[in-house]
Amino acid sequence: MNNYTSSERNVAQFLSKYPRLKDFAKRLYQHISYLVNKPSGKSLFTCIYACKKVLNISSESFFGYYDKSPSNNSNTKVIFHSSQYPTNKTPDVNKPVNICIKDIKTDQVLVVDKTSAYNWQQGSRLQWLDDDRFIFNYCDFGKQKYISKIYSVSNGKSTVIPFPVYDCFNNTAISIDFERLYQLNPDYGYKSFTKKNIKFNITNDGVFLIDLLSENINLLLSYSDILDSHSKPTMKNAIHKINHLMFSPDGDSFIFLHRWYCNNMKYDALMHYDFKNGICKCLSDDDMVSHCCWKDNNILVCWLRKKDEGDKYYFVSTIDKSRKEIDQKINVYGDGHPSVCNNLILFDSYPDKARLKKLLIYNMGNQQLTNVGQFFEPLKYYGITRCDLHPKWSKTGKSIFVDSVHEGKRQLY
């Protein structure tokens, strides 16, 4: 976004409330812009650090979202997805992806399972539970429902959990209805089972709490509860969804996005739930909230809209709801996917007019911004099949993982 004019950004901001119109206009404009600004070969990829593929075979590979790390705590194993099929095509239930684990020391890669519960943006919500176990979502075709599996590296065995997961903290998980999510936002949902009516009773759906040891599943927070915690005129007769749930570092709370659609217009709110007092509250509902991460147990890093100040990166307090602009120099790159390690914010940008995406690190201590590199994204990756960098730290903070297509195929680097 750093080479788009203010007028272009204002148009994009206006269109963001009309998703279908925005998608058409955006795609047309990006094709025209790329033809005018097509980059040369040498500039398709640059990086100030050594960059290597995790998987060195013909299959394509990816991890998924920016909120989880592919590496375990001891930095001995890396988990990821691989696909034998082209990833510039819409996910197909008949073309599952592999669940893979790589030994960092030996470079040995082991395929431990396959799943049809995936999308190109977040994969199967693959994530480590501890140094030995990881979890991922799975399709139970016999029961026609989504479930999840926990795999143990040490014994090579899997445990079935009768519900899919979104985010986990130790042996606790929170989740949502992925069928509902697919119908409202296919980028992040799963398409294997799409039989539900998304307008069903809002009292029996919402955020679910799962005990991964006892396998108990309970509705923690219904849509009715969420609507009671903040109300706006646009919510009347609207269709609602929940997405992007994220535990705090200490596991005492979590955030999520409440999104609703009214008259083909989209609205966002950033929500916070505290386990200690059982209270759900709205942190921001100035119509637009995008990507967030935790800086610490009480402060968030968020790209969102603040009335009278605009769309920027803000520090947001979960205690008093205060919002403070982080630094103007990082706002010029527009919306991205931030994550924090110690005093550093790692984030990326969306493709510019030449289809180049930036990878950046901002030091909150000395306010220094480092341009780590740029990665080309061909136009054949678009919409549901796009490949955002989704940068994520290793658990030690000594490595960065990105998903990229600058070599013509989706790969985890």
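Everything below is about the structure shown above.
Here is what the cut-offs are and how they apply
- Residues numbered from 1 in each chain as written.
- Predicted model: local features only at pLDDT ≥ 70, side-chain atom pairs only at ≥ 80, totals over all residues.
- Heavy atoms only, no water.
- Helix = DSSP H or I, 4+ residues; strand = E, 2+ residues; numbered from the N terminus.
- Rg over C-alpha atoms; globule rule 2.2 N^0.38 Å.
- Buried < 20%, exposed > 50% of the residue type's maximum accessible area, 1.4 Å probe, protein only.
- Contact = heavy atoms within 4.5 Å.
- Areas by Shrake-Rupley, 256 points an atom, 1.4 Å probe, with all protein chains shown as cover.
- Lys, Arg positive; Asp, Glu negative; His and termini not counted.
- Charge placed at Lys NZ, Arg CZ, Asp CG, Glu CD.
- Pairing = 2+ DSSP bridges.
- Axes fitted to C-alpha atoms, helices over the stretch in contact; angles between N-to-C directions.
- Core = buried A, V, L, I, M, F, W, Y, C linked by side-chain atoms within 4.5 Å.
- Polar contact = N/O pair within 3.5 Å; in protein donor to acceptor, adjacent residues only side chain to side chain.
- Salt bridge = Lys/Arg side-chain N within 4 Å of Asp/Glu carboxyl O.
- Phe/Tyr/Trp six-rings, centres within 6.5 Å; stacked < 30°, edge-to-face > 60°.
- Lys NZ or Arg CZ within 6 Å of the ring centre and 35° of its normal.
- Patch = residues over 30% accessible without salt bridge, like charges linked within 9 Å, V, L, I, M, F, W, Y side chains within 5 Å.
- 1 Å grid on protein atoms, 1.4 Å probe; cavity = no way out; pocket = protein on both sides within 12 Å on 5 of 7 lines; lining within 4 Å.
- Points joined across faces, edges and corners; volume = space filled by probe spheres on them.
- Nonpolar A, V, L, I, M, F, W, Y, C, P; charged D, E, K, R; others polar.

Caption draft 1: Local environment of the overall build of the protein. Looking only at helices and strands, the protein has five helices and 29 strands in total. What you see for the protein is a C-alpha radius of gyration of 20 Å, in line with the 22 Å of a compact globule of 413 residues. When burial is assessed residue by residue, the protein has 56% of its 413 residues classed as buried. Expressed as a percentage of contacts within the protein between residues at least 6 apart in sequence, the contacts between residues at least 24 apart total 51%. When the accessible surface of the protein is split by element, carbon and sulfur atoms take 50% of a total near 17800 Å². Measuring between centres, the 55 positive side-chain charges of the protein sit 5 Å from its 42 negative side-chain charges.

Caption draft 2: Quick peek at the sheet that holds strand β2 (residues 60–62). Read from one edge to the other, the open sheet built from four strands follows the order β2-β3-β4-β5, with strand pairing classed as antiparallel. Looking at the sheet topology across the chains shown, the edges are occupied by β2 and β5 (109–115). For this sheet the average axis-to-axis angle between neighbouring strands, irrespective of direction, equals 35°. Bridge count between strand β3 (residues 77–83) and strand β4 (residues 97–103): six bridges; the pairing is antiparallel. The residue of β4 that forms the bridge with F80 is C100.

Caption draft 3: Representation of the nonpolar core within the structure. Residues I242, L245, F254, F256, L270 and L300 are the most contacted members of the largest nonpolar core, which totals 47 residues. The contact partners of F254, leaving out residues within four places of it in the chain, are I174, V207, L220, L245, M246, F247, S248, M271, H272, Y273, F275 and W294.

Caption draft 4: Fine view of the sheet that holds strand β11 (residues 172–175). Overall, antiparallel pairing links the four strands, which are arranged β10-β11-β12-β13 in an open sheet. Each edge of the open sheet carries a strand with a single partner, namely β10 (167–169) and β13 (217–222). If you compare each strand with its neighbour and ignore which way they point, the axes differ by 25° on average. Where β10 lies against β11, three bridges are found, and the strand directions are antiparallel. Note that in β11 the partner of C168 across the bridge is A173.

Caption draft 5: Representation of unusual backbone geometry in the model. At H244, a position not held by glycine, the phi torsion is positive, near 55°. For H244, the location among the structural elements is in strand β14 (residues 239–247). One non-glycine residue, H390, lies in positive phi territory at about 45°. Along the chain, the position of H390 falls in the loop between β25 (369–376) and β26 (392–393).

Caption draft 6: Just the environment of S175, in detail. Along the chain, the position of S175 falls in strand β11. In this structure S175 comes out as buried when scored by relative accessible area, which is 0%. A sequence separation of 67 residues divides S175 from I242, and the C-alpha atoms of the two residues are 9.5 Å apart. Once residues within four sequence positions are removed from consideration, S175 is found in contact with F163, P164, V165, Y166, G206, V207, F208 and I210. Polar contacts involving the side chain of S175 include one to the main-chain carbonyl oxygen of P164, which spans 2.8 Å.

Caption draft 7: Representation of the pattern of salt bridges in the model. The full count for this structure, using the stated rule, is 23 salt bridges. The residue D130 makes a salt bridge to R133 at a minimum N-O spacing of 2.7 Å. What you see here is one network of salt bridges that share partners, running through D187, R386 and D388.

Caption draft 8: Structural detail: the packing of aromatic side chains. Inspection of every chain in the model, using the stated rule, returns 25 aromatic pairs. Seen from their ring centres, W128 and F134 are 5.4 Å apart, and the 80° between their planes marks the pair as edge-to-face. Judged by its relative accessible area of 10%, W128 falls in the buried class. Each ring, one from Y333 and one from F347, has its centre 6.5 Å from the other, and the planes form 70°; the classification is edge-to-face. Placement of Y333 in the loop between α5 (328–331) and β22 (339–341) and of F347 in strand β23 (residues 344–348) is noted, with a sequence separation of 14 residues between them. Of the two residues, Y333 and F347, neither departs from the other in class, the shared state being buried. Through a chain of ring-to-ring contacts, the aromatic side chains of F141, Y146, Y166, F178, Y190 and F193 assemble into a single cluster. Positioned above the aromatic ring of Y166, the side-chain terminus of R125 is 4.3 Å from the ring centre. The ring of F315 has K295 sitting right over it, with the charged end atom 5.9 Å from the ring centre.

Caption draft 9: Molecular detail of the pairing of strand β17 (residues 279–287). Two strands pair when backbone bridges link them, and strand β16 (residues 265–274) and β17 are joined in this way by six bridges, in the antiparallel orientation. Looking at the pairing, Y273 lines up with C280 of β17. Hairpin remark: β16 followed by β17, antiparallel, with four residues in the connecting loop; positive phi at G278, about 65°.

Caption draft 10: Representation of the environment of E407. One can find E407 in the loop between β28 (403–404) and β29 (411–412). Sequence spacing of E407 and V78 is 329 residues, and the spatial spacing of their C-alpha atoms is 21 Å. What E407 contacts, discounting residues up to four positions off in sequence, is K53 and Y413. Side-chain polar atoms of E407 contact the side chain of Y413, separated by 2.5 Å.

Caption draft 11: Focus on a positive patch on the surface. A cluster of basic side chains, namely K89, K95, K380 and K409, defines a positive patch on the protein surface. Judged by relative accessible area, which is 45%, K380 ranks as partly exposed.

Caption draft 12: Examining empty space enclosed by the protein more closely. In total, this model carries three cavities of 30 Å³ or more according to the counting rule given. Reported here for the largest cavity is a volume of approximately 60 Å³. In terms of lining, the largest cavity is formed by Y65, Y66, H244, M246, I255, F256, L257, L270, S290, H291 and C292. At the level of secondary structure, the elements contributing two or more residues to the lining of the largest cavity comprise β14, β15 (253–262) and β18 (289–294). Its residues assigned to classes, the lining of the largest cavity shows eight nonpolar, three polar and no charged.

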